[in-house]
Amino acid sequence: MEKCESEAIVIANNLGKEVASQFETLTILAGVSLQIKRAESVAIVGVSGSGKSTLLGLLAGLDEPTCGEVSLCGQSLSKLDEDGRALVRAEHVGFVFQSFQLLPNLTALENVLLPLEIANKEGQKAHVEDLMKRVGLSDRQHHYPSQLSGGEQQRVAIARAFVTEPTILFADEPTGNLDSATGATIIDLLFELNQSNNTTLIMVTHDANLAQRCDRQIRLQAGQIQS
Amino acid sequence: MKNQQGAMATFMLSMRLFKREWRSGELRILALALLIAITATTSISFFTDRLGAALLNRSAEMLGGDLVVRGTRPLNAEWLDAAQKAALNAVQTAEFSTVAIHQERLLLASVKAVTDRYPLYGAVQLADQRYGEAYLLRRGPSPGSLWVDPRVLDRLQVDVGDQINIGAATFQISRVLLLEPDRGGNYFNLAPRILMNHQDLAVAQVLQAGSRANYKYLFAGDRPAIEQFKAYLLPKMAVGYRLLSAGEGREGAGLVLSRTQQYLALTALLAIILAAIAIAVATRRYSQRQYDVSAVMRCLGATQKTIFRIYSIQLLGLALVCGVLGTLLGWFVQMLLANALQETIRLVLPDSSRAPWLVGFVAGVLVLLGTALPPLWRLKRVSPLRVIRRDLAPLPIKGWLVFSAAWLALCLLVLLFTRELFLVLALLVGLTLILVLLAAVIWFMLRISKGIGITQLGLVGQGFKRILRRSKSYTLQMTALAMTLMLMAVLGMLRAELLDNWSAQIPDDVPNHFAFNIMPTDTEQFSQAFSEQGVSAPPLYPMVRGRLTKINGVDINAELFPDKDEAAERRSDGSLNRELNLSWTDSLPADNEIVSGQWHSGASVEKAAAMVSVEKELAERLGIGLQDELEFDIAGQPLTATVTSLRSVVWESFTPNFYMLFSSGALNNLPTTYVTSFRLDAEQRQLLMKLVQAFPSITILEIDALIAQLQTILEQVTTLVEIMLLFVLLAGLCVLLAIIQSDLDERLREGALMRALGASRRYLQWLNYIEFSLLGLLAGVLAMAGAELVTALLYQRVFDLSPHWHWPFWLGLPVFAGLLVAVVGNIAVQRTVNQSPMQLLNRR
C-alpha cells in the first residue's frame, strides 16, 4: 500500500449513522463533514450520547456509515470491504481505548508485538525495546495485563498503538479509566509520541483540559457538529 | 510466492498465539475435554474390539469353528483343499447313531468321529475315570481309542481301559468324555456321546452309502480369510447343506453372546456421542471467550481470513496433539483393564484389530471440526467495533446450524465405525424428540410461569426466573445435559434388562440332571427315593413319543416338501426326522407363554378331538397355524388334534419342555413314560448312584458341565456389561462437569453483581442450589422421555426384548440428576459465593 502523502488525511463527507431498534429508527449521526490534516491533533467532544464514539468508529473504519463516506489517507473506506478496511487499519491506524483492550493471555511485550505479527513485519526488536523504554515499561515487559496497574496497561496500549508507526492514532477516552495524575502522565506520553512520530491524533474525550491541548476541537451535539 | 509467505506467516502467528493461549490455560479446558473424549473413545473401542473378538471366539468354540458347513450327505472334498489353499485350519466330523457293544450288552450311542486337528477352538473336558477329576485337552482321541460319556460306562458296565465294539472294529476306552466344546445346546441328546478318531470310520465300516449321518467341515482362520472363504462357499450351498458362521447364533449362549456384542457396540457408540457433547460444549465456551480477542485483532488490522486461519490452525494443532496423546492413553487404559479382566474372570482377550487405533483420533477430530467450525465461522465476523462497544456480540449462531453440523459429523462417525444404520436412526429419533420436547417445555414454562405467577414463589420463583431470563443459553445447556443423561439412562436400562434376563436363565437351584424313561409303574418309587434322601421330589412330566405325519391332511414328507433333499433338510432341523416328545397338561408350564390362540385349560376331557398347543418356532418352520389339524403317528396309532394355541418356550430353562402340549386325556392309553429334571449338589450324588441301581431303565443325564459353561459365560458378560456401564457413567460425569463449566463466566459475573447489590452469601447459595436442581430435574425428565423412546426402539429392533416402561427410572433419574447437578454445579460456582465481588468483577 502506498504511503500516505495527501494533505487532508481524514475526510468525512456528509456522514450519517442510523440504528433501527424494535420500535423506531434512531439517528446517531447526521450530516457530519470534516477534514483533518496530517500531524494535526483533534479532540472530539460532547456530552454522553452525542455520537462521539460512533464518529470515531466510522472514521477508523470499524463500522460502516448509513450514508456519506470516509476516506483515510486518500482511500475511500466505503469502496472497501471489511477485509480491505482491516488492511488499511494494519497499515495506517493505531488505537488507544478507554478500556485498554489488551489481550489478557499475552504478556505486555507480546501485546505490543501483536500488530507487527499480524502485519507480518518482524525483526524490529530494537525498535520495540526502544518503545518499551519510552513508555517506561522496560522492566515489566513479561508481566500479564492483570499484573499491571491501569496506568501501566494504558502505556502498553500506547506502545502497541505506536509500534507500527501509524499515520493516524485514534484514541477513545484514553484517560477515562485512570485517576487524574496517571491520566496526565498518559496524555503527556501520547502527545510526546504524537509529535516525535508526526502522527495525526484523533481523540474522543470528556476532559476539557485534555481537549484544550489539541490543535482543534470538534464539538458534537445530538449527532451533528456544532460550529 | 507472496501468498506462500503470507500463509507461512499466518501459520507462525497462530503457533505463537497457540503457545501463549496454552500457557494462559485458556486452551487447556478444551484440550482436556478433547483428551478425555479421545482417551475414552479409544479405550472403549479397543476394549469392545477385543471383547468382540473374544465373544466371537466363544461363539466359534461352541459352533466348532469360525465357519461350519453341515450336511446330511458327505461333503465335497474339494472344499477342504480350497480351505487349505486359503490357509484355513479345517476339521472334518461325522455324527451318527450306532450301537456300542460290550459282551452281551448293547447301547445305542451317538458317535462323533473327528479328524486330527479337532477341536479348532476350546478344549475337550475329560476325566480319567467315572467321577474322576475333570481336566481339559486340546485334541481328539487317537486312532483305536474312544472317549466315552459316563453313561456308556454305566450302561455297558465297563471301565476306562476296557474294550467295546463299534461296527466291525474293537476299540479301547481311554478316557471319560464330559463335554466337547461344540456340543451346543443339545441337552436332549438322549444317546450318550462317544468320540472317536475319523480314521477309524473306515475300519469300523459303520458309515455306508446312504447311512443317516450329520457331516460337518469346521474351518478356523483369520477374519478376512474366513469372510472370503464364506463368499466362496455360499453359492455352493445346495439343498441339504447349511453354512453356519460364528456370532450368528440366536439361541442359548449364542443369544447371550450376540446381545453382549450389541451392548458393547452401543456403548462404544454412546461414548462417541458423549465425547461429542463434551467437545461441543467446551468449544462453544472457548469460541465465546475469543470474541474480544478477535475484535482486538481485527482492530489491529487482521483480516477475517487471517482470523479464521489462525483459529483453524490452532484447533487442528490441538486435535493432532490430543489425538496422538489420547490414543496412546486410551490404549494404555484398556491394557490395564484387559489385564484386570484376565485376573478376575479369567477372560483372555485376543489382540485388537487395527481400527481402534483410529477410532478415537478420527472421532475427536471430526467432532471437534463439526462443532467448532460454525462458531469459528462466526468468530471471524466479530465486529471490530466491539472494542468500543462491548455489547456487540457476533450474530448468535443458529442453534440448528451447530446442531446439524455436529450431528452430521456424528452420523458419519457412527456409520463409519459401527455400520449399524439402525442404531444411528434410533438415536436420531431420540435426539430430535428431546429437542422438540425441550423447546415445547421451555415455551410452556414461559407461558404458565407468567400466567400463574410462579416467579412469585420465593426462592423457587427466583430460581425459575433466572432460568427463564437466560432461556437461550439454558436451551443449549439443558439439551446437552438431557442428552448426556439420556445416554446414561439408556445404557443403565439395557444393563438392568440384560442382567435380569441372564440371571433368570440360571437360577441358583437350576436343575443339573434330567431323568428320562421313568415308567408309570416306577413313578411312586422314584419320588420316594428322593424323599428318603431328604430331597424334595421333582415334578414328573408325562411323555409320549410320536411322529408328526400330516398337517391338514397333507403328508409332511411327500407333499409338503416334494423335493426329497428339502425334506431331508427339514428333517435335519431335528423336529421331523426324530420322534417328537409329546406331553399333556392342563396347566401352562411356568416359563411358557401363549403368543396366539387360547390355552386349553379346563377343556372337556370327553371332547372327541384333542387340542394341542404348538411351540411357535416349530409352527413357523412348518407353517402350522391356529385351527390346523395335525396328525400324529404314535406307536402305530394315528391321533388327530386341533391346534388351539401357539406357545413360546424358554428352551434354556433346564426344565423339560415340549414342542407339543395336548389337552389332558388326549394321549390316554398310549405308551407313556415320565421325564423330570432335578438338582443334586455334590454331597447328594449318592442318590444318583441309588437311582441308577434301583431303576436300570431310567436314563439320567448330567448337565453340570453344560451349566458351568453357560455360567462362566454369563459371569463374564455380566462383568463386562457392568464395566462398560461404569466407563460410560464416568465419561458422562466428565461431560456433566464440562456442561456446568460452560457458562461459568456469566454465572460468576452475575453472582458478583448480586453480591455487590447486597445479596447475602446464603441467599446466593440457595439460589444456586434451586437453579441447578431445577435444571437437573427438568433435564432428567426430558432425558427419560428420550431414553424410553430409544430403548423401546432398541429392545424391539436390536435386542429382541419386549419394550416396556421403566417407572423406577422415571422417578430415580430426574431426582438423581437434580441432586447431582445441584451438588456438582454448586462446587463449580463456589467462587461466586466465596470470592470478593470486587475480585470477580475485575476479572475478565
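Definitions and cut-offs
- Residues numbered from 1 in each chain as written.
- Chains lettered and ligands numbered in written order.
- Predicted model: local features only at pLDDT ≥ 70, side-chain atom pairs only at ≥ 80, totals over all residues.
- Helix = DSSP H or I, 4+ residues; strand = E, 2+ residues; numbered from the N terminus.
- Buried ≥ 20, exposed ≤ 12 C-beta atoms within 10 Å, placed from the backbone.
- Contact = placed C-beta atoms within 7 Å.
- Axes fitted to C-alpha atoms, helices over the stretch in contact; angles between N-to-C directions.
- Parallel < 35°, antiparallel > 145°, perpendicular 65-115°, else oblique.
- Left-handed = near helix turned anticlockwise from the far one by under 90°.
- Nonpolar A, V, L, I, M, F, W, Y, C, P; charged D, E, K, R; others polar.
- Pairing = 2+ DSSP bridges.
- Expected span 1.5 Å × (residues − 1).
- Core = buried A, V, L, I, M, F, W, Y, C linked by C-beta atoms within 7 Å.
- pLDDT = per-residue confidence, 0-100.

## What to know about the overall build of chain B
Summing up its helical and strand segments, chain B has 25 helices and 22 strands in all. Here chain B holds 844 residues, and 41% of them are scored as buried. Long-range pairs, those at least 24 residues apart, make up 83% of the contacts in chain B with a sequence separation of at least 6.

## Quick word on the overall build of chain A
Each helix and strand counted, chain A has seven helices and ten strands in total. The burial tally for chain A puts 48% of its 227 residues in the buried class. Taking the intrachain contacts of chain A between residues at least 6 apart in sequence as the baseline, contacts between residues at least 24 apart amount to 72%.

## What to know about the packing of helix H5 (residues 150-162) of chain A against helix H6 (residues 180-197) of chain A
All names here are of chain A. Taken N-terminus to C-terminus, the directions of H5 and H6 make an angle of 10°; their axes are 10 Å apart at the nearest point. Between H5 and H6, the interaxial angle falls into the category roughly parallel. At the point where H5 passes H6, the crossing takes the right-handed sense. Touching Gly-150, Gly-151, Gln-154, Arg-155, Ile-158 and Phe-162 of H5 are Thr-182, Thr-185, Ile-186, Leu-189, Leu-190, Leu-193 and Asn-197, all from H6. Counted by class, the contact of H5 with H6 contains six nonpolar, six polar and one charged residues.

## Here we look at unusual backbone geometry
Each neighbour pair has its own omega, and for B:Tyr118 with B:Pro119 the value is -5°, a cis peptide bond. Looking at the secondary structure, you find B:Pro119 in the loop between strand E3 (105-114) and strand E4 (124-127). In this structure, A:Ala39 is a non-glycine residue whose phi angle is positive, near 65°. Following the sequence through the fold, A:Ala39 ends up in the loop between strand E2 (25-37) and strand E3 (41-45).

## What to know about the sheet that holds strand E5 (residues 75-76) of chain A
All names here are of chain A. Here we have four strands laid out as an open sheet, ordered E2-E1-E4-E5, and antiparallel in their pairing. Either end of the sheet is taken by a strand with one partner, and the two such strands are E2 and E5. Running at roughly 125° to strand E1 (residues 8-20), helix H1 (residues 52-59) makes contact with E1, E2 and strand E4 (67-72) of the sheet.

## Description of the interface of chain B and chain A
In this complex, chain B contributes 25 residues to the contact, which on the side of chain A involves 25 residues. Where the side of chain B that touches chain A is concerned, the elements lending two or more residues are helix H1 (2-24), helix H8 (291-299) and helix H9 (304-344) of chain B. The dominant element in the side of chain B that touches chain A, judged by the number of residues it contributes, is H1(B), at seven residues. Here the residues of the side of chain B that touches chain A sort into twelve nonpolar, six polar and seven charged.

## A word on the pairing of strand E1 (residues 67-71) of chain B
All names here are of chain B. Counting buried positions along E1 yields four of five residues, so the element is predominantly enclosed. Looking at chain direction, E1 and strand E10 (residues 214-220) are connected through five bridges and run antiparallel. Paired with Arg-70 across the two strands is Lys-216, which belongs to E10.

## Considering H5(A)
All names here are of chain A. For H5, which comprises 13 residues, the first-to-last C-alpha distance of 19 Å matches the rise-based estimate of 18 Å (1.5 Å per residue) to within 8%. In terms of burial, H5 is a largely internal element, ten of the 13 residues being buried. Of the residues making up H5, those classed as buried are Gln-153, Gln-154, Arg-155, Val-156, Ala-157, Ile-158, Ala-159, Arg-160, Ala-161 and Phe-162.

## Concerning the sheet that holds strand E9 (residues 216-221) of chain A
Sheet strands associate in pairs through backbone hydrogen bonding, adopting either a parallel or an antiparallel arrangement. Residues and elements named next belong to chain A. Spatial ordering of the open sheet is given by E6-E7-E8-E3-E9-E10, a layout of six strands whose pairing is mixed. In the strand order of this sheet, the two ends are held by strand E6 (93-97) and strand E10 (224-226), each with one partner. Adjacent strand axes in the sheet meet at a mean angle of 25°, parallel and antiparallel pairs treated alike. The pairing of E3 with strand E8 (residues 200-204) spans four bridges and is classified as parallel. Across the sheet, the residue bridging to Val-42 is Ile-202, located in E8. Docked against the sheet, H1 engages E3, strand E7 (168-172), E8 and E9, running at close to 150° with respect to E8.

## Some remarks on the environment of B:Leu316
All names here are of chain B. In this structure, Leu-316 sits in helix H9. On the basis of neighbour counts, which here come to 16 C-beta atoms within 10 Å, the residue Leu-316 falls in the partly exposed class. For Leu-316 and Leu-369, which are 53 residues apart along the polypeptide, the C-alpha to C-alpha distance reads 8.3 Å.

## Details of the nonpolar core
All names here are of chain B. In terms of nonpolar packing, the biggest core is built from 243 residues, with Leu-34, Leu-274, Ala-275, Ala-278, Ile-279 and Ala-489 touching the most fellow members. A per-element tally of this core places helix H7 (residues 252-289) first, with 21 residues. Ignoring any residue separated from it by four or fewer positions in sequence, one finds Ala-489 in contact with Ala-783, Met-784, Ala-787, Phe-809 and Leu-813. Counting 32 residues, the second-largest nonpolar core is a separate cluster that includes Phe-514, Tyr-541, Leu-630 and Ala-641.

## Here's the deal with the environment of A:Val42
Residue and element names in this part refer to chain A. Positionally, Val-42 belongs in strand E3. On the basis of neighbour counts, which here come to 20 C-beta atoms within 10 Å, the residue Val-42 falls in the buried class. As for Val-42 and Val-204, which are separated by 162 residues in sequence, their C-alpha atoms are 8.6 Å apart. Setting aside residues up to four positions removed in sequence, Val-42 forms contacts with Ile-36, Ile-202, Cys-214, Asp-215, Arg-216 and Ile-218.

## Digging into the confidence of the model for chain B
Residues and elements named next belong to chain B. For chain B, mean pLDDT is 78; residues scoring 70 or higher make up 83% of the total. Of all secondary-structure elements in chain B, the lowest mean pLDDT belongs to helix H17 (residues 564-572), at 47, while strand E6 (residues 145-148) reaches the highest, 94. Contacts from residues 559-575, a stretch scored under 50 in pLDDT, to residues over four places away or in other chains number 24 contacts. What the predictor reports for the complex is a pTM of 0.67 with an ipTM of 0.85.

## Describing H1(A)
Residues and elements named next belong to chain A. Taking burial as the measure, the eight residues of H1 include eight buried ones, the bulk of the element. Within H1, burial applies to Lys-52, Ser-53, Thr-54, Leu-55, Leu-56, Gly-57, Leu-58 and Leu-59. Immediately downstream of H1, the backbone of Gly-61 shows phi near 75°, a positive value.

## Focus on the pairing of strand E7 (residues 163-166) of chain B
Residues and elements named next belong to chain B. Side chains Ile-164 and Ile-166 of E7 all project onto a buried face; the interleaved residues Gln-163 and Asn-165 project onto a face where none is buried. Sheet topology note: the strand E2 (residues 89-102)/E7 ladder contains two bridges and is antiparallel. When the bridges of E7 are listed, Ile-101 appears paired with Asn-165. By the bridge criterion, four bridges tie E7 to strand E8 (residues 169-179) in an arrangement that is antiparallel. In the sheet register, Ile-164 faces E8, and the bridge partner there is Phe-171. Linking E7 back to E8 in an antiparallel pair, the connection comprises two residues, with Gly-167 at a positive phi of about 60°.

## A short note on the packing of helix H3 (residues 108-118) of chain A against helix H4 (residues 125-134) of chain A
All names here are of chain A. Two elements in contact, H3 and H4, have axes separated by 11 Å at closest approach and are oriented at 125°. One way to sum up the angle between H3 and H4 is to call them oblique. Considering the relative orientation of H3 and H4, their crossing is right-handed. On H4, the residues touching Leu-109, Val-112 and Leu-113 of H3 are Val-128, Leu-131 and Met-132. Grouping the constituent residues of the contact of H3 with H4 by class yields six nonpolar, no polar and no charged.

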